[in-house]
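One-letter residues, chain by chain:
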Amino acid sequence: MEIEEAAEKIRSMEVRGAANIAKFAASTLKEFALKVDSDFDKKMRKAASILLNTRPTAVSLFNAVNYVMNYDGETVEEKRNNLVKRADEFIEWVDTARNRIGEIGAKRIKDGSTILTHCNSSAALSVIKTAFKQGKKIEVFATESRPRMQGYLTVKELSKEGIPTTLIVDSAVRYFINEVDCVVVGADTITVNGALINKIGTSQIALAAKEARVPFMVAAETYKFSPKTLFGELVVIEERDPSEVAPEDVLKLPIKIRNPAFDVTPRDYIDLIITEIGAIPPEMAYLVIKERLGYTIFDTEELKLSAKHFD
Ligand code: RUB
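Okay, so let's go over this structure. Counting starts from 1 at the beginning of each chain's written sequence and moves along it residue by residue. Per-residue local features are limited, in this predicted model, to residues with pLDDT of at least 70; the limit for side-chain atom pairs, both in listing and counting, is 80 or more; totals at the level of whole chains, interfaces and linings are taken over all residues. Each side-chain value is derived from all of the structure's non-hydrogen atoms; neither hydrogens nor water enter the calculation.

1. Quick notes on the site of the ligand
Whether a residue is near a molecule or strand is decided by its heavy atoms; if any one of them lies within 4 Å of it, the residue is near. Within the structure, the ligand sits among 18 residues, and R16, A19, S122, N198 and K199 are positioned closest to it. Identification of polar contacts relies on pairs of N or O atoms within 3.5 Å, with a donor-acceptor requirement for protein atoms, meaning one able to donate a hydrogen and the other able to accept it, and with residues adjacent in sequence counted only if both atoms are side-chain atoms. At a separation of 2.8 Å, an oxygen atom of the ligand approaches a polar backbone atom of A18. Here R55 contributes a side-chain N or O atom positioned 2.8 Å from an oxygen atom of the ligand. Protein contacts shield 99% of the accessible area of the ligand, which totals 460 Å² for the unbound molecule. Secondary structure elements are defined from DSSP: runs of H or I of at least 4 residues count as helices, runs of E of at least 2 residues count as strands, and each element is numbered from the N terminus. Of all elements in the fold, only α2 (18-33), α6 (122-133) and β6 (196-199) reach the threshold of two or more residues within the shell around the ligand. The class makeup of the residues in the shell around the ligand is seven nonpolar, six polar and five charged. Domain start and end points were adopted from an automatic or database domain assignment. Split by domain, the residues of the shell around the ligand number at least three in each of domain 1 (3-99 + 294-304) and domain 2 (101-293). Here the open area of atoms and residues is found with the Shrake-Rupley method and a 1.4 Å probe, where only the protein chains shown may cover a residue. Note that Gly is not counted as nonpolar here; it falls among the polar residues with everything else outside the nonpolar set of Ala, Val, Leu, Ile, Met, Phe, Trp, Tyr, Cys and Pro and the charged set of Asp, Glu, Lys and Arg.

As structure tokens, then:
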């Protein structure tokens, strides 16, 4: 696949969800590297920058590209081999982390409980499916997740597993929250101060959950933590086309239509982040970025370098 074609698949959301996007970017870079014969570094950097400029919010894309592009070697062959090895490592990280999150998270799901989830998160669904496979009698409320209706994907996935599922509109969350025992959602990005960036509407759910004293848990692989926020960068929230929100006749009106795809849930609303290295409080985000992703506050130069690397 050409790089532009791959980028378009991410932009158009044919490939979507933070984990899928990251895995797809790693395998696209690998596939591209296998075809490059000359000017290896230059062509790889160009490809990396095209992929990075597709969707701005999920840091998993940045972490995937950064991981794969950290290859070394003297000759083109050495560089290619090292890049391919790193891409394979990243892809394996995605798969093993998701399973591990399922095992760790399932321990927090009590038998007989009702779980609310939002959007379509492979990590959150791994927790729910694992709990169900362990024989726990659970039920799920899934929001439709306007405007792109990722909730339809979720209910299809859950009913395929035989998990009792109820689809609700996004605005019905508070109406049902007292029937819910815990909320489990995924993450596009976790900032250094433990805030969660996830599908638009997540923060309203967190607010309703806090008021009703319903535990709010996030399932997030460590590559969803953002080293960029350690260096002071704010997470860019993607705003998508108004045509996703309203029909033709409404689009023609002299009004504004805003369509942010994600929102920010402050860490005070989060009880637990389930990662592949353990169930942690949001306050531990800095440690994850330092220990797991290898960035410290002294690495500013390195990060600048890697940012420049893809310009
Ligand atoms: C998807 C979304 C998901 C996270 C986590 O948004 O917000 O909750 O990406 O998903 P979009 P996962 O559909 O706009 O990409 O756990 O699969 O990485």
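2. Observations concerning helix α9 (residues 202-211)
Partly exposed describes any residue whose relative accessible area lies between the buried limit of under 20% and the exposed limit of over 50%, with all areas from a 1.4 Å probe on protein chains only and scaled to the type maximum. For α9, every residue scored as buried is listed here: T202, I205, A206, A208 and A209. In a view along the axis of α9, the buried residues occupy a sector of 165 degrees, so they form one face of it. R213 sits one or two positions beyond α9 and adopts a positive phi of about 60 degrees. Throughout, the arc means that of the directions going from the helix axis to the C-beta atoms.

3. A closer look at the pairing of strand β9 (residues 272-275)
Residue alternation in β9 divides its side chains into two sets, L272 and I274 and I273 and T275, and both sets are buried. Relative to β9, strand β7 (residues 216-219) runs parallel, the two being bridged by three bridges. Considered in β9, the bridge of V218 is made with I273. Sheet topology note: the β9/strand β10 (residues 278-280) ladder contains three bridges and is antiparallel. The residue of β10 that forms the bridge with I274 is A279. In textbook terms, the turn of a hairpin is the stretch between consecutive antiparallel strands, and for β9 and β10 this stretch comprises two residues. Being paired, for any two strands, means DSSP has found at least two bridges between them.

4. A short note on the sheet that holds strand β5 (residues 189-190)
Taken in spatial order, the three strands make up an open sheet running β5-β6-β8, and their pairing is antiparallel. Each having just a single partner strand, β5 and β8 (262-265) make up the two edges of the open sheet. One ladder, built from four bridges, connects β6 with β8; its direction is antiparallel. Looking at the pairing, L196 lines up with T265 of β8.

5. Quick word on the sheet that holds β10
With mixed pairing, seven strands are arranged side by side in an open sheet as β3-β2-β1-β4-β7-β9-β10. Each edge of the open sheet carries a strand with a single partner, namely β3 (165-168) and β10. Neighbour-to-neighbour, the strand axes of this sheet turn through a mean angle of 25 degrees, independent of strand direction. Between two residues, a contact is recorded if the distance between any of their heavy atoms is within 4.5 Å. As a rule, the C-alpha atoms of each element are fitted with a line to give its axis, helices using only the stretch in contact, and angles between N-to-C directions run from 0 to 180 degrees. Sheet strands touched by α9: β1 (114-117), β2 (139-143), β4 (182-185) and β7. Its angle to β7, the strand with the most contacts, is close to 145 degrees.

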